[in-house]
Amino acid sequence: MENKTQLKPLVGMNLRELREVTARLGMPRFTATQLAQWIYDKRVSTFDEMLNISKANRDRLSAEYCVGLEPPKSSVKSEDGTIKYLFDAGNNLAVEAVYIPEDDRATLCISSQKGCRMNCYFCMTGRQGYHGDLTAHQIINQVLSVPNADKITNVVFMGMGEPLDNLDNVLRAIEIMTEPWGLAWSPKRITVSTVGKKPELKILCEQTAVHIAVSVHTAVPHERESLMPLEKIYHIADVMEMLGKYDFAHQRRLSVEYIMWQWFNDDIQHAEALREIIPNEHVRVNLIRYHMIPEVQKLRTSSDERMAYFRDYLNSRGITCTIRRSRGEDIQAACGMLAGKVKTQERNKTKKA
């Protein structure tokens, strides 16, 4: 029997690709739809469980393919109930997904790349460098393979990587999550976070109806450029102006992510600068507490008082603004913290061995 690592996974394929597989293997056209149902609806992990597909066809499939559901390598649970999962990404690399339960909701924060090449100053993932894109299989596997997958109400592309730097695979994952033959989710259950890759963001807006979250953090151009090098190419004011041309008033939502640093971007002048680039009253602003990482010592978390003052100023001027509750900081699962601690621990273990 062939080694499983040599078999091609079906998870991550869309219906057209499944039809290509079944056609090449001489199977009826409807077999592709059956495969999609078993994989994405019933979420089975072996061909033997696909009882309405003949044994002969299951044997043909298993000679070249596997279903491809791969459980996380490990997990760690926060005091607040947040769970961080570590997934194998090949070549001795790993990515993380974070499960965040809250009342009747459960959000899964998923990764799209192995590391990141945006090189944002305050982000631990970016400081690890870029080691490749995740495939659609690796992205969707995070959604299907966490232990509480059946409880997920929302998925956010806010894990490791810049989703729009891996647009093709992210679009394919969104297709699988939203099409009737896939998970059949409403696009309103999905949010894509970006630092503002303008051309790819335009494609995402035009080809999907998912929510968009833009990481701004400061609307002052030279400050943002010092933190987020992409500002040199795509100015955040231009990105927000473009987004203002799309309808975010009804079925989809546009939000601004704004990490707050003491004495850097948390005063009224910065609140006013942010207000000036927000295209309309339908945009929501999420203020985020900064979670310190060892490599960045000069940035400090804003006080609760300054965050509240910033929030109230924007609300008084017609901009909906809230302070996001911090989750999972004790397990390195909060904003900007993913993959650093676990990667360092595994590297140290390797050295000792």
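Calculation criteria
- Residues numbered from 1 in each chain as written.
- Predicted model: local features only at pLDDT ≥ 70, side-chain atom pairs only at ≥ 80, totals over all residues.
- Heavy atoms only, no water.
- Helix = DSSP H or I, 4+ residues; strand = E, 2+ residues; numbered from the N terminus.
- Contact = heavy atoms within 4.5 Å.
- Areas by Shrake-Rupley, 256 points an atom, 1.4 Å probe, with all protein chains shown as cover.
- Lys, Arg positive; Asp, Glu negative; His and termini not counted.
- Charge placed at Lys NZ, Arg CZ, Asp CG, Glu CD.
- Buried < 20%, exposed > 50% of the residue type's maximum accessible area, 1.4 Å probe, protein only.
- Polar contact = N/O pair within 3.5 Å; in protein donor to acceptor, adjacent residues only side chain to side chain.
- Pairing = 2+ DSSP bridges.
- Axes fitted to C-alpha atoms, helices over the stretch in contact; angles between N-to-C directions.
- Salt bridge = Lys/Arg side-chain N within 4 Å of Asp/Glu carboxyl O.
- Parallel < 35°, antiparallel > 145°, perpendicular 65-115°, else oblique.
- Left-handed = near helix turned anticlockwise from the far one by under 90°.
- Nonpolar A, V, L, I, M, F, W, Y, C, P; charged D, E, K, R; others polar.

### Section: the overall build of the chain
Alright, step 1. Helix and strand counts for the chain come out as 12 helices and 14 strands.
Alright, step 2. Viewed in the frame of its principal axes, the chain has a C-alpha envelope of about 70 × 55 × 40 Å.
Alright, step 3. Excluding contacts between residues fewer than 6 apart, the proportion of contacts in the chain whose partners are at least 24 apart in sequence is 67%.
Alright, step 4. When the accessible area of the chain is evaluated, it comes to approximately 16,400 Å², of which 48% is carbon and sulfur surface.
Alright, step 5. The distance from the centre of the 47 positive side-chain charges to the centre of the 44 negative ones in the chain is 3 Å.

### Quick word on unusual backbone geometry
It is generally the case that most residues other than glycine have a negative phi and that most peptide bonds are trans.
Alright, step 1. Unusually for a residue other than glycine, Arg43 sits at a positive phi of about 55°.
Alright, step 2. The topology assignment puts Arg43 in the loop between α2 (30–41) and α3 (55–64).
Alright, step 3. Residue classification places Arg43 among the partly exposed residues on the basis of a relative accessible area of 26%.
Alright, step 4. A positive phi is found at Ala184, a non-glycine position, where the angle reads about 60°.
Alright, step 5. Its location among the elements puts Ala184 in the loop between α6 (167–178) and β10 (190–194).
Alright, step 6. Of the residues examined, Ala184 reaches a relative accessible area of 49% and is grouped as partly exposed.

### Considering helix α5 (residues 136–145)
Alright, step 1. Among the 10 residues that make up α5, 10 are buried, leaving the element largely enclosed by the rest of the structure.
Alright, step 2. Where α5 is concerned, the buried positions are Ala136, His137, Gln138, Ile139, Ile140, Asn141, Gln142, Val143, Leu144 and Ser145.

### Points about the environment of Arg327
Alright, step 1. With respect to the secondary-structure elements, Arg327 resides in the loop between β14 (320–323) and α12 (340–352).
Alright, step 2. For Arg327, a relative accessible area of 10% translates into the label buried.
Alright, step 3. Spatially, the C-alpha atoms of Arg327 and Ile100 are 7.6 Å apart, while their sequence positions differ by 227 residues.

### Thoughts on the side chain of Asn265
Alright, step 1. Counting through the fold element by element, Asn265 comes out in the loop between β12 (254–260) and α10 (268–277).
Alright, step 2. One polar contact links the side chain of Asn265 to the main-chain carbonyl oxygen of His217, over a distance of 2.5 Å.
Alright, step 3. Within polar-contact distance, the side chain of Asn265 engages the backbone nitrogen of Trp261 at 2.7 Å.
Alright, step 4. For Asn265, the residues in contact, after removing those within four places along its chain, are His217, Thr218, Tyr258, Ile259, Met260, His270 and Phe310.

### Side note on the sheet that holds strand β3 (residues 74–77)
Through backbone hydrogen bonds, the strands of a sheet pair up, either in parallel or in antiparallel fashion.
Alright, step 1. Taken together, the 10 strands give an open sheet; going across it, the order is β3-β4-β5-β6-β9-β10-β11-β12-β13-β14, and neighbouring strands pair in mixed fashion. With partners counted over all chains shown, the strands left at the sheet margins are β3 and β14, one partner each. Going from strand to strand, the sheet's axes swing by 20° on average, the running direction of each strand aside.
Alright, step 2. Packing of α5 onto the sheet brings it into contact with β4 (83–90), β5 (93–102), β6 (105–109) and β9 (154–157), and relative to β4 it is tilted by some 145°.

### Re the pattern of salt bridges
Alright, step 1. Enumeration over the complete set of coordinates arrives at 16 salt bridges.
Alright, step 2. In this structure, the salt-bridge partner of Asp165 is Lys197, at a minimum N-O distance of 3.0 Å. Of this pair, Asp165 sits in the loop between β9 and α6 while Lys197 sits in the loop between β10 and α7 (198–207), and the two are 32 residues apart along the sequence.
Alright, step 3. With relative accessibility at 11%, the residue Lys197 sits in the buried group.
Alright, step 4. We note a salt bridge from Glu272 to Arg275, for which the minimum N-O separation is 2.5 Å. Taken together, the residues Glu272 and Arg275, both in helix α10 and three residues apart, mark about one turn of the helix.
Alright, step 5. Among the residues examined, Arg275 registers a relative accessible area of 30% and is labelled partly exposed.
Alright, step 6. Salt bridges here are not isolated pairs; linked through shared partners, they connect Arg117, Asp165, Lys197 and Glu200.

### Here's the deal with the packing of α6 against α7
Alright, step 1. Following both chains from N to C, one finds α6 and α7 inclined at 15°, their axes separated by 11 Å at the closest point. With respect to their mutual orientation, α6 and α7 come out roughly parallel. Seen along the crossing, α6 lies across α7 with a hand that is right-handed. Residues Leu167, Leu171 and Ile174 of α6 form the contact with α7, whose own contacting residues are Glu200, Ile203, Leu204 and Gln207.
Alright, step 2. Of the residues that constitute the contact of α6 with α7, the class distribution is five nonpolar, one polar and one charged.

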